[in-house]
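# Survey of secondary and tertiary structure
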Amino acid sequence: MSAGRVVVKVGDLKIAGAGATLVTVGVGSCVAIALYDREARLGGLAHVLLPDPSNGRENAPPGRFASTAVAGLLRLMEEEGARRARMFARLAGGASMFESLLSDGGRTLGMRNVSAARAALERVSVQVTGEDVGGSHGRSIYFHLDDGRLVVSSVLFPDVVL
Amino acid sequence: MIDVRELGSLQLDGLREVANIGAGHAATALSQLTHRRILLDVPQIRITRLEEAAELVGPGDEVIAAVLVRVLGDATGRTVLILPRDTAVRLTEILLGRTGVTFPESFGELERSALTEAGNILVGAHLSALSDFLGLILLNSVPGLAIDLAAAILTSSYLNFGERADYVFCLDTLFRVDEGEHPLRGHLLLIPDGGSLEVILRAIRLG
């Protein structure tokens, strides 16, 4: 694991420890899932694109989907000594960019991503303690692993600390 | 549905020509709006992993303006006008006939409206040229403007409209607005839905 700034690309997931900041930029309808174990000072961040793998797509990278990313983060963190019982989660993203053009009436992909992330976390009994989701603006996430502070920044909105 | 990675060279050439015709008409419209000369690059076909769409036309962490229009009719998809910061500012200034436009902060309703309308005109010219050339009915939705990080905008330009394929496709035409020493760059993207790529290829008898 590395110290300093660790960038998580779209569709990827990474973990890091004290001294590091996990960063992911430009979360639109995607959702960022952050897990933290305060005692181990270990955290993980995923930038997922879609809720669940569709039929026959099990070979896709785990960071692409909310359901598989949660399992992937858990596994990596537990291997490094984090404990599930101590973990909590925060979510950011799930926006609807170009909202005025999405007149389908159904739930937006952004909110389906958020729901899938919540459901995946509930299945592994990890509590969600903070969310900054929805709206129609993109977000960037700065997750400081020294103290677990998670800062959400947006182009035209003030920072949100979760 | 076509796997975009398996398109042949003849098909790719044909699609580039389609993009060129559409972008040519859009450039004429932009030239008339701005009274400037517009230079067009040869259109590029971009086929990338879904994950890499975020950096399709440049760094994902840059703030850009994008006008997106849905394409409806015989073929469906989106066309997106991508304007980097400098282009968005200068284009708005030209359209409003004043200087001192700030972006993205304090980019107000009037500025947003000017840029959206310019995007609408460009994309309209683009689609009507394509419609004539392809012999297909192509209609545009109302335009939507987003000012945000490129990664958020580009990823959503696929995902929000139902795209889930491993590899995504777009026709990308880079244009430059002749503005003295510092030409302004922008991109016009045509993103056909998976099934519509076949419709376009059939229309140019390469399907």
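Residues numbered from 1 in each chain as written. Chains lettered and ligands numbered in written order. Predicted model: local features only at pLDDT ≥ 70, side-chain atom pairs only at ≥ 80, totals over all residues. Heavy atoms only, no water.

## Considering the pattern of salt bridges
The condition is simple: Salt bridges are identified by distance alone: a Lys or Arg side-chain nitrogen within 4 Å of an Asp or Glu carboxyl oxygen. Segments assigned H or I by DSSP are reported as helices when at least four residues long, segments assigned E as strands when at least two residues long, and all are numbered from the N terminus. Only protein chains enter the area calculation, which uses a 1.4 Å probe; residues under 20% of their type maximum are buried, those over 50% are exposed, and those in between are partly exposed.
With the rule as written, the count across this model stands at 22 salt bridges over all chains. Salt-bridge contacts for Arg 64 of chain A lead to Asp 166 of chain B; the nearest nitrogen and oxygen are separated by 2.6 Å. Here the residue Arg 64 of chain A occupies a position in the loop between strand 5 (42-48) and helix 1 (66-79), and Asp 166 of chain B occupies one in the loop between helix 4 (150-159) and strand 7 (167-177), the pair thus bridging two chains. Judged by its relative accessible area of 2%, Arg 64 of chain A falls in the buried class. As a salt-bridge pair, Arg 98 of chain B and Glu 111 of chain B come within 2.4 Å of each other at their nearest N and O atoms. Highlighted residues: Arg 98 of chain B in the loop between helix 2 (85-96) and helix 3 (109-134) and Glu 111 of chain B in helix 3, separated in sequence by 13 residues. On the basis of relative accessibility, which here comes to 33%, the residue Arg 98 of chain B falls in the partly exposed class.

## Let's talk about the state of the cysteines
Our working rule: We call a pair of cysteine sulfur atoms a disulfide whenever their separation is within 2.5 Å.
Taken as a whole and judged by the stated rule, the model has zero disulfides over all chains. Between Cys 30 of chain A, a free cysteine, and Cys 170 of chain B, which holds the nearest cysteine sulfur, the sulfur-to-sulfur gap is 17 Å. Since its relative accessible area comes to 0%, Cys 170 of chain B is described here as buried.

## Quick look at unusual backbone geometry
Cis geometry marks the peptide bond from Phe 103 of chain B to Pro 104 of chain B; its omega dihedral reads 0°. Structurally, Pro 104 of chain B can be placed in the loop between helix 2 and helix 3. With a phi close to 50°, Arg 41 of chain A is a non-glycine residue in the positive phi region. Within the secondary structure, Arg 41 of chain A sits in the loop between strand 4 (31-37) and strand 5. Notably, Ser 106 of chain B is not glycine yet its phi reads approximately 55°, a positive angle. Judged by its relative accessible area of 64%, Ser 106 of chain B falls in the exposed class.

## Re the sheet that holds strand 7 (residues 127-133) of chain A
Residue and element names in this part refer to chain A. Note the threshold: For two strands to pair, DSSP has to find at least two bridges joining them. Each axis is a line fitted through C-alpha atoms, and for a helix only the stretch in contact is used; angles between axes span 0 to 180 degrees, taken between their N-to-C directions. Any two residues having at least one pair of non-hydrogen atoms within 4.5 Å are treated as being in contact.
If you trace the five strands from one edge of the open sheet to the other, you get 2-5-4-6-7, paired in mixed fashion. Every interior strand has two partners, whereas the edge strands, strand 2 (13-17) and strand 7, have only one. In this sheet, adjacent strand axes meet at a mean angle of 15° when their direction is disregarded. Of the pairings in the sheet, the one linking strand 4 to strand 6 (residues 87-93) comprises seven bridges and is antiparallel in character. Counted as the bridge partner of Leu 35 is Ala 89 from strand 6. Packing against the sheet, helix 1 makes contact with strand 2, strand 4, strand 5 and strand 6, and its axis sits at approximately 160° to strand 5.

## Overview of the interface of chain A and chain B
Where we set the bar: Buried area is calculated as the accessible area (1.4 Å probe) missing from two parts once they are joined, with the contributions of both summed. Nitrogen and oxygen atoms within 3.5 Å of one another constitute a polar contact, given that in protein one can donate a hydrogen and the other can accept it, and given that sequence-neighbouring residues count only through two side-chain atoms.
With 30 residues of chain A at the interface, the matching set in chain B holds 31 residues. Each partner contributes to the roughly 2,500 Å² buried at the junction of chain A and chain B, and carbon and sulfur atoms together form 63% of this total. Its largest share of buried area at the contact with chain B, chain A owes to Phe 98, Leu 101 and Val 155 of chain A, together 30% of the area lost on that side. Linking chain A with chain B are two salt bridges, by the criterion used here. A salt bridge links Arg 64 of chain A to Glu 51 of chain B, with the nearest nitrogen and oxygen atoms 2.7 Å apart. Summed over the shared surface of chain A and chain B, the number is nine residue pairs in polar contact (both at pLDDT 80 or more).

## A short note on helix 1 (residues 9-34) of chain B
The following threshold applies: An expected span of 1.5 Å times one less than the residue number is assigned to each helix.
The first and last C-alpha atoms of helix 1 of chain B sit 36 Å apart over 26 residues, in line with the 38 Å expected at 1.5 Å per residue. Where helix 1 of chain B ends, the next residue or the one after it, His 35 of chain B, has phi of about 55°, a positive value.

## Quick look at the packing of aromatic side chains
Residue and element names in this part refer to chain A. Rules: Stacked, tilted and edge-to-face pairs are distinguished by plane angle, under 30 degrees for stacked and over 60 for edge-to-face with tilted covering the rest, among Phe, Tyr and Trp rings (Trp via its six-membered ring) whose centres lie within 6.5 Å.
The final tally for this structure, using the stated rule, is three aromatic pairs over all chains. Relative to Phe 143, the ring of Tyr 36 lies with its centre 5.8 Å away and its plane at 65°, an arrangement referred to as edge-to-face. On the criterion of sequence distance, the pair formed by Tyr 36 in strand 4 and Phe 143 in strand 8 (residues 139-144) is long-range, its members being 107 residues apart. In this pair, the class of Tyr 36 matches that of Phe 143, namely buried. Members of the aromatic cluster, joined through ring pairs, are Tyr 36, Phe 88 and Phe 143.

## Examining the packing of helix 1 of chain A against helix 2 (residues 109-123) of chain A
All names here are of chain A. Where we set the bar: Reported orientations rely on four angle classes, namely roughly parallel under 35 degrees, roughly antiparallel over 145, roughly perpendicular from 65 to 115, and oblique for the rest. Handedness of a crossing follows from how the near helix is turned relative to the far one, being left-handed for an anticlockwise turn of less than a right angle and right-handed for a clockwise one.
Where helix 1 contacts helix 2, the two axes come as close as 8 Å, and the packing angle between them is 40°. Classified by the angle their axes make, helix 1 and helix 2 are oblique. Taken as a pair, helix 1 and helix 2 cross one another with a handedness that is right-handed. Touching Ala 66, Ser 67 and Val 70 of helix 1 are Asn 113, Ala 116, Ala 117, Ala 120, Leu 121 and Arg 123, all from helix 2.

## Observations regarding the side chain of Asp 172 of chain B
Residue and element names in this part refer to chain B. Summarising the element assignment, Asp 172 is placed in strand 7. Overall, Asp 172 belongs to the buried group, its relative accessible area being 1%. Reaching out from Asp 172, the side chain makes a polar contact with the side chain of Arg 46 at a distance of 2.7 Å. A distance of 2.8 Å separates a polar atom in the side chain of Asp 172 from a polar atom in the side chain of His 187.

So far we have only geometry, and geometry alone does not tell us how the molecule works.
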